[in-house]
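# Notes for the structure review
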Amino acid sequence: MSSPTTRLLTAQPQEISTAADLLKEGQLVAFPTETVYGLGADARQTNAVEALYAAKGRPSFNPLIAHVHSVETAQRHVIWSDIADTLAEAFWPGPLTLVLPLREDHGISPLVTAGLNTLGIRIPAHPAARALLSVLDGPVAAPSANPSGRISPTTAAHVIAGLGGRIAAIVDDGPCGVGVESTIIGLATGTPLLLRPGGLATEEIEAVLGHTLHLRDASDPLTAPGQLLSHYAPRASVRLNVTTPQDGELYLGFGAMECDLNLSASGDLREAAAQLFGHLHRLDARAQPIAVAAIPETGLGVAINDRLRRAAAPR
């Protein structure tokens, strides 16, 4: 279901309707969320989801997140709970994905869940994403709109560079504000489990819950996106927690320092998260090894370090 040309659409209502029509036809459409650009397929159409995996080169054992417009839409597909209600009330729309048991009449393609009996689901906050989901009135499976395992896209230009000519359209509405994927919380057992750190700091979630989150064991089977050891990777090698770069390395800094690009000269983790993938794209284009300064392991730094460790992992 590749496309010889990829249409570039705006976020104007008429072009959002065009994007929704393409999704209804089983085509693939990339669109912005507050986290990263997602590659969308109607989650109810197995042929469309199959084409999504093929376009990305994504392994089919790696489940997808369904994006919806409202809690009511989410409840059509998953078994809701009081904890889900609490978290949705506090953080939706926003960069939080909840993994919940599927309803018996869920209507979701088994390819979306990789055959699991749970579904990751969220309501994005980005206006263009919400408009698209509202017009479609259904779930959109949407991993990051990039070749599998590579640097996530935070602009339409990143999507074109990775998937141009392989998908039907891209809704271009500027750069993404959060810059790293959603935080994923597993609720299938009733005990909230952190499955992937992301654009919502775990401290904020724990404050709402009134207790600390349980952590996923790295040896556990895949139950959510972003759990592969090697992921978010540039083509160049990546070395972490570097104080002094080696000759020939490009230096990605944090805080006040001399470097090739700085995630945040002021040490602001929100700014660093928003800049992360864009800076990695720019450095990777220079085809040299990348050295990265240490990032504090707190707040959004947990998600940033998670992405960097996977980017630096053996491939």
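Before reading further, recall that the structure is shown in the block above.
Presented here is a report on the structure given in the accompanying data block. (Residues numbered from 1 in each chain as written. Predicted model: local features only at pLDDT ≥ 70, side-chain atom pairs only at ≥ 80, totals over all residues. Heavy atoms only, no water.)

### Some remarks on the overall build of the chain
Selection criterion: Helix and strand assignments follow DSSP, with helices taken as H or I runs no shorter than four residues and strands as E runs no shorter than two, numbered in order from the N terminus. Here the radius of gyration uses the C-alpha set of atoms, whereas the globule reference equals 2.2 Å times the residue count to the power 0.38. Contacts are assigned to residue pairs with any non-hydrogen atoms lying within 4.5 Å of each other. Surface accessibility follows the Shrake-Rupley procedure with a 1.4 Å probe radius. Residue values consider only the protein chains on display as shielding. The charged-residue count follows a simple rule in which Lys and Arg add positive charge and Asp and Glu add negative charge, with His and chain termini not counted at all. Here the site of a charge means atom NZ of a Lys, CZ of an Arg, CG of an Asp or CD of a Glu.
Within the chain, the regular secondary structure consists of ten helices and 15 strands. Taken over C-alpha atoms, the radius of gyration comes to 19 Å for the chain, in line with the 20 Å a tight globule of 315 residues would show. Here the C-alpha coordinates of the chain stretch approximately 55 × 50 × 35 Å along the principal axes. At a minimum sequence separation of 6, the contacts of the chain that also span at least 24 residues come to 68%. As displayed, the chain has an accessible area near 12,700 Å², and 51% of this comes from carbon and sulfur atoms. One way to put it: in the chain the 22 positive side-chain charges average out to a point 6 Å from where the 30 negative ones average out.

### Re helix H6 (residues 127-136)
This is how it is decided: Categorising residues by exposure relies on relative accessible area from a 1.4 Å probe, with only protein chains included: less than 20% of the type maximum marks a residue as buried, more than 50% marks it as exposed, and the intermediate range marks it as partly exposed. The arc under discussion is defined with respect to the helix axis, by the directions toward the C-beta atoms.
Buried within H6 we find Ala128, Ala129, Leu132, Leu133 and Leu136. Angular distribution of buried residues about the axis of H6 spans 130°; they occupy a single face of the element. Where the residues of H6 are buried, they touch helix H1 (13-24), strand S2 (29-32), strand S4 (65-67) and strand S7 (140-141). Note on H6: the residue one or two positions beyond its end, Asp137, has a positive phi of about 55°.

### As for the sheet that holds strand S12 (residues 238-239)
The condition is simple: At least two bridges found by DSSP between two strands is the condition for calling them paired.
Ordered by their spatial adjacency, four strands build an open sheet running S12-S15-S13-S14, and the pairing between neighbours is parallel. Of all the strands in the sheet, the pair left with one neighbour each is S12 and strand S14 (261-262). As paired elements, S12 and strand S15 (residues 290-292) share two bridges and run parallel to each other. Residue Val238 lies in a different strand from S15, and its bridge partner there is Ile290.

### Digging into the pattern of salt bridges
To be explicit about the condition: Salt bridge, as used here: a side-chain nitrogen of Lys or Arg that lies within 4 Å of a carboxyl oxygen of Asp or Glu.
Within this structure, the stated rule accounts for twelve salt bridges. For Glu297, the salt bridge identified is with Arg309, shortest N-O distance 3.5 Å. One end of the pair, Glu297, is in the loop between S15 and helix H10 (301-312); the other, Arg309, is in helix H10, and twelve residues separate them in sequence. For Glu297, a relative accessible area of 47% translates into the label partly exposed. Arg309 gets classed as partly exposed once you look at its relative accessible area, which sits at 44%. Of the charged contacts, one joins Arg310 and Asp306 as a salt bridge, the two residues approaching to 3.0 Å between their closest N and O atoms. One end of the pair, Arg310, and the other, Asp306, are both in helix H10, four residues apart, so they sit about a helical turn from each other. Bridged by salt links that share partners, the residues Glu181, Asp306, Arg307 and Arg310 form one connected network.

### Thoughts on the sheet that holds strand S6 (residues 118-122)
Pairing between the strands of a sheet is mediated by backbone hydrogen bonds and can be parallel or antiparallel. Rule in force here: Where helices are involved, their axes are fitted lines through C-alpha atoms of the stretch in contact, as for all axes, and angles between N-to-C directions lie from 0 to 180°.
With mixed pairing, the eleven strands of this open sheet are ordered in space as S1-S8-S2-S3-S7-S4-S6-S5-S9-S10-S11. Of all strands in the sheet, those bounded by a partner on one side alone are strand S1 (7-9) and strand S11 (214-215). Sheet topology places strand S10 (residues 193-196) next to S11; two bridges connect them, and they run parallel. Opposite Leu193, over in S11, you have His214 as the bridge partner. Running at roughly 135° to S1, H1 makes contact with S1, S2, strand S3 (37-42), S7 and strand S8 (169-171) of the sheet.

### Here we look at H10
The condition that has to hold: An expected span of 1.5 Å times one less than the residue number is assigned to each helix.
When the terminal C-alpha atoms of H10 are compared, their 16 Å separation across twelve residues agrees well with the 16 Å that a helix rising 1.5 Å per residue should span. Counting buried positions along H10 yields ten of twelve residues, so the element is predominantly enclosed. Burial in H10 covers these residues: Gly301, Val302, Ala303, Ile304, Asn305, Asp306, Arg307, Leu308, Arg310 and Ala311. For H10, the secondary structure elements touched by its buried residues are S10, S12, helix H9 (269-284) and S15.

### With respect to the environment of Ala285
Inspection of the secondary structure assignment puts Ala285 in the loop between H9 and S15. Assessed through its relative accessible area of 67%, Ala285 is described here as exposed. Taking the C-alpha atoms as reference, Ala285 lies 19 Å from Gly179; in sequence the two are 106 residues apart.

### Details of the side chain of Thr73
To keep things clear, this is the line we draw: For this analysis, a polar contact is any N or O atom pair within 3.5 Å, provided that within protein one partner can donate a hydrogen and the other can accept it, and provided that sequence-adjacent residues contribute only side-chain to side-chain pairs.
Checked against the element boundaries, Thr73 lands in helix H3 (residues 71-75). Polar side-chain contacts of Thr73 include one of 2.8 Å to the side chain of Ser70.

### Quick notes on the environment of Ala30
Secondary-structure assignment places Ala30 in strand S2. Sequence separation between Ala30 and Ile170 is 140 residues, and the spatial gap between their C-alpha atoms is 4.5 Å. Setting aside its immediate chain neighbours within four residues, Ala30 contacts Gly38, Leu39, Gly40, Ala145, Val159, Ile167, Ala169, Ile170 and Val171.

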